[in-house]
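# Architecture at a glance
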Amino acid sequence: MADNLSEALKTLKLSSADSVEGCLDCLLKALAHNNVETSGKIQEMGVLAMMPALLSAQNSCTPKVANIIAEVAKNEFMRSPCVEAGLIPPLVQLLNSKDQEILLQTGRALGNICYDSHSLQAQLIIMGVIPTLVRLLGVHSQNTALTEMCLIAFGNLAELESSKEQFASTNIAEELVRLFRKQVEHEKKEMIFEVLAPLAENDVIKLQLVDAGLVECLLEVVAQTVDSDRDEDVAQLKTASDLMVLLLLGDESMQKLFEGGKGSVFQRVLSWVPSNNHQLQLAGALAIANFARNDGNCIHMVDTGIVQKLLELLDRHVEEGNVTVQHAALSALRNLAIPVVNKSKMLLAGVSDVVLKFLKSEMPPVQFKLLGTLRMLIDTQADAAEQLGTNAKLVERLVEWCEAKDHAGVMGESNRLLSALIRHSKSKDVVRTVIQGGGVKHLVTMATSEHMIMQNEALVALGLIAALNLDCAEEDFVASNLVQVLHKLLKDEHSAPEIKYNSMILICSIMGSEPLHKEVQSLAFIDVVSGLRSHENKTVAHQASLTEQRLTAQS
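Residues numbered from 1 in each chain as written. Predicted model: local features only at pLDDT ≥ 70, side-chain atom pairs only at ≥ 80, totals over all residues. Heavy atoms only, no water.

Within the chain, the regular secondary structure consists of 37 helices and 0 strands. Taking 2.2 N^0.38 as the reference for a compact globule, 555 residues should give roughly 24 Å; the C-alpha atoms of the chain span a radius of gyration of 34 Å, well beyond that estimate. Reported as C-alpha extents along the three principal axes, the dimensions of the chain are approximately 110 × 55 × 40 Å. Expressed as a percentage of contacts within the chain between residues at least 6 apart in sequence, the contacts between residues at least 24 apart total 71%. Put simply, the chain shows about 24800 Å² of open surface, and 51% of that area lies on carbon and sulfur atoms. (Helix = DSSP H or I, 4+ residues; strand = E, 2+ residues; numbered from the N terminus. Rg over C-alpha atoms; globule rule 2.2 N^0.38 Å. Contact = heavy atoms within 4.5 Å. Areas by Shrake-Rupley, 256 points an atom, 1.4 Å probe, with all protein chains shown as cover.)

Next up, the structure:
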């Protein structure tokens, strides 16, 4: 075999067109017998350098030449030599051929050479292979092998961000949906799904897929697989419902499917929430969260009873429930609670009571959404803020989560909810509950946050604590170095005007406490404050004058 191979390689280097075909057959046989060794010999003998000319000749040998390149490029060590031999441009050129065998072998060769190399795949995109391959898929949709080759290529190329714009300028959405409709086998559908998922991350393509009828295909897959426990059906149900949720992440595609809340797709997706299938419950809840991305949709959904469906779903998942379903349902409720008109309706529906059942959860993603939902619900709702703010168990849990250093999101949301309970209730009882629960020190720390909005929320809450119950808070204010924190905020030239303003308000509020008053005097606040009288923000300058007068009067 080795002798034959060497002979064939020598002949190929010298030969005329007539004897080339026999040499190529010999090479293919040798590659089938021992690919690695044969590939090495091909490289040694410099045969790759002859390939561009053989490819450009476009004759009966061309499919065999492309096949040899495809086989050789299965080996990682041969890929760079293939590129260096200049094989990519003539192969890309061959994608315009009408010969199906040439197309198939060319696709294989390019796929193997560029396998796992983003830079080479990006080069193919620049050379315009995407529109060419999409056209091939349309023309040769009856050829299974060619179709699969195109799908594999799309799957690889779609992972690159630079491909999305090119894909969006073709009719890929129509072609893929047409192809999907024809498939019966699970494997084939799976291949198409693998292309659809990365493509559907692009908002333009999302809309094209919706227009091409992908949603109807997905709903059909769900209907066919929902009652099956075969592994492949379970996998397909998950892929189809996940893809459905992904399509709803685009504003235009989501609004198109919402159809003012009357869309058949919207109604079908709603019916997933009460189902007994966890995957569908999850997808249904995530879909609602995605539909709830503007006030109009949120108001319509709350008015049509969706909150009740979500609460029933959450109730089914309190004890040893599915964490992803809990997280998704809480996300949906949080989004629905954003419009002011929805808050009181959702509170009346008992949302806060159901959400509080998850206080014992040890899962940070659930804790995070639970906190966000409660914070959205009590915004501007004084009674609800008072009711929750005097719930010692809730405040105790919030204080515990304020120390969750491993989970910055949970820590931030706990602080914000603690502050919101005080700010929206303006209640002495809430302030007392927070002080007794050990929440003051966390609000002082929150005032040093790198996020201005959180600093401000903390300062307003601390101002209310000082105004409503300074005697009780005095010890915590001293222990948490509140005065030093305020001094630093006022001296910091990067502090926003509202931070400086609320810091001065807070200083005036704590002057009634002897130990705090002494600290204010010892840090020479009067110098810092008088420097702010010329601040460019008139409100800050005015408050600086008032604060200076107060400090002077009490010095």
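If you check the backbone angles, Asp-116 has positive phi at about 65° while not being a glycine. Within the secondary structure, Asp-116 is located in the loop between helix H8 (100-113) and helix H9 (118-126). One non-glycine residue with positive phi stands out, namely Glu-259, at about 45°. With respect to the helices and strands, Glu-259 occurs in the loop between helix H18 (251-258) and helix H19 (264-270).

Take Asn-96: it is sitting in the loop between helix H7 (88-94) and H8. Given a relative accessible area of 43%, Asn-96 falls into the partly exposed group. Each C-alpha atom of the pair Asn-96 and Thr-380 lies 64 Å from the other, and the pair is 284 residues apart in sequence. Residues contacting Asn-96, with those up to four places away along its chain left out, are Thr-132 and Arg-135. (Buried < 20%, exposed > 50% of the residue type's maximum accessible area, 1.4 Å probe, protein only.)

Under the UniProt annotation, "repeat: ARM" (unreviewed entry) lies at residues 86-128 and 305-337. Between the end C-alpha atoms of residues 86-128 there is a gap of 17 Å, over a span that is 70% helix and 0% strand. Spanning residues 305-337, this segment combines 76% helix with 0% strand, and its end C-alpha atoms are found 13 Å apart. (UniProt positions renumbered as here; feature names shortened; annotations may be inferred.)

Attention now moves to the packing of helix H23 (residues 323-336) against helix H26 (residues 364-378). Relative orientation of the contacting elements H23 and H26 amounts to 20°, with a least axis distance of 9 Å. Taken together, the axes of H23 and H26 lie roughly parallel to each other. Once H23 is placed against H26, the crossing between them reads as left-handed. Residue-level inspection shows Val-323, Gln-326, His-327, Leu-330, Ser-331, Leu-333 and Arg-334 of H23 in contact with H26, the latter providing Pro-365, Val-366, Lys-369, Leu-370, Gly-372, Thr-373, Arg-375 and Met-376. Grouping the constituent residues of the contact of H23 with H26 by class yields 7 nonpolar, 5 polar and 3 charged. (Axes fitted to C-alpha atoms, helices over the stretch in contact; angles between N-to-C directions. Parallel < 35°, antiparallel > 145°, perpendicular 65-115°, else oblique. Left-handed = near helix turned anticlockwise from the far one by under 90°. Nonpolar A, V, L, I, M, F, W, Y, C, P; charged D, E, K, R; others polar.)

At a closest axis distance of 12 Å, the pairing of helix H32 (residues 452-479) and helix H33 (residues 482-491) adopts a crossing angle of 150°. The angle between the axes of H32 and H33 places the two elements in the roughly antiparallel class. Here the hand of the crossing between H32 and H33 comes out left-handed. Together, Gln-455, Leu-459, Leu-462 and Phe-477 of H32 and Leu-482, Leu-486 and Leu-489 of H33 make up the contact between the two elements. Taken together, the residues of the contact of H32 with H33 break down into 6 nonpolar, 1 polar and no charged.

Okay, the nonpolar core next. In this structure, Leu-336, Phe-477 and Ile-510 are the most contacted members of the largest nonpolar core, which totals 193 residues. The element best represented in this core is H32, accounting for 11 residues. Discounting chain neighbours no more than four positions away, the residues touching Ile-510 are Ala-466, Leu-470, Phe-477, Leu-482, Val-483, Leu-486, Leu-516, His-517 and Val-520. (Core = buried A, V, L, I, M, F, W, Y, C linked by side-chain atoms within 4.5 Å.)

Here we take up the side chain of Ser-241. Considering the arrangement of structural elements, one finds Ser-241 in helix H17 (residues 231-247). Take Ser-241: its relative accessible area is 0%, and that puts it in the buried class. A polar contact of 2.8 Å, which involves the side chain of Ser-241, links it to the backbone oxygen of Leu-237. Side-chain polar atoms of Ser-241 contact the side chain of Gln-279, separated by 2.9 Å. (Polar contact = N/O pair within 3.5 Å; in protein donor to acceptor, adjacent residues only side chain to side chain.)

Next up on the list: the pattern of salt bridges. In total, this model carries 27 salt bridges according to the counting rule given. The partner of Glu-71 in a salt bridge is Arg-108, and the shortest N-O contact between them spans 2.6 Å. Taken together, the residues Glu-71 in helix H5 (residues 62-72) and Arg-108 in helix H8 connect sequence positions 37 residues apart. You can call Arg-108 partly exposed: its relative accessible area is 25%. (Salt bridge = Lys/Arg side-chain N within 4 Å of Asp/Glu carboxyl O.)

Now for the environment of Gly-389. With respect to the helices, strands and loops of the structure, Gly-389 is situated in helix H27 (residues 382-389). For Gly-389, a relative accessible area of 0% gives the class buried. When residues no more than four places from it in sequence are discounted, the contact partners of Gly-389 are Val-395, Leu-421, Val-430 and Thr-433.

This brings us to helix H14 (residues 186-199). For H14, which comprises 14 residues, the first-to-last C-alpha distance of 20 Å matches the rise-based estimate of 20 Å (1.5 Å per residue) to within 8%. Summarising burial for H14: 10 of the 14 residues are buried, a large majority. Regarding H14, the residues found buried are His-186, Lys-188, Lys-189, Glu-190, Ile-192, Phe-193, Val-195, Leu-196, Pro-198 and Leu-199. Of the surrounding elements, those touching the buried residues of H14 are helix H11 (144-157), helix H12 (161-168), helix H13 (172-182), helix H15 (203-211), helix H16 (214-225) and H17. (Expected span 1.5 Å × (residues − 1).)

Right, let's get into the side chain of Glu-548. With respect to the element layout, Glu-548 can be found in helix H37 (residues 538-553). Overall, the relative accessible area of 17% leaves Glu-548 in the buried class. A polar atom in the side chain of Glu-548 sits 2.7 Å from the side chain of Arg-533.

A separate point is the packing of aromatic side chains. Summed over all chains, the structure comprises 5 aromatic pairs. Judged by centre distance (4.7 Å) and plane angle (65°), the rings of Phe-258 and Phe-266 are edge-to-face. According to the relative accessible area criterion, Phe-266 is buried, its value standing at 2%. Seen from their ring centres, Phe-266 and Phe-291 are 5.0 Å apart, and the 85° between their planes marks the pair as edge-to-face. Linking Phe-266 in helix H19 with Phe-291 in helix H20 (residues 278-291), this pair joins segments that are 25 residues apart in sequence. Each member of the pair, Phe-266 together with Phe-291, is buried. (Phe/Tyr/Trp six-rings, centres within 6.5 Å; stacked < 30°, edge-to-face > 60°.)

Under the 1.5 Å per step criterion, the end-to-end length of H16 is 17 Å for 12 residues, consistent within 8% with the ideal 16 Å. Those residues of H16 that sit buried are Leu-214, Val-215, Cys-217, Leu-218, Leu-219, Val-221, Val-222 and Thr-225.

Taken as a whole, this structure holds 0 disulfides when the rule is applied. With no disulfide of its own, Cys-61 has Cys-23 as its nearest cysteine by sulfur position, at a separation of 9.5 Å. No disulfide involves Cys-472; its sulfur sits 19 Å from the nearest other cysteine sulfur, which is in Cys-402. (Disulfide = S-S within 2.5 Å.)

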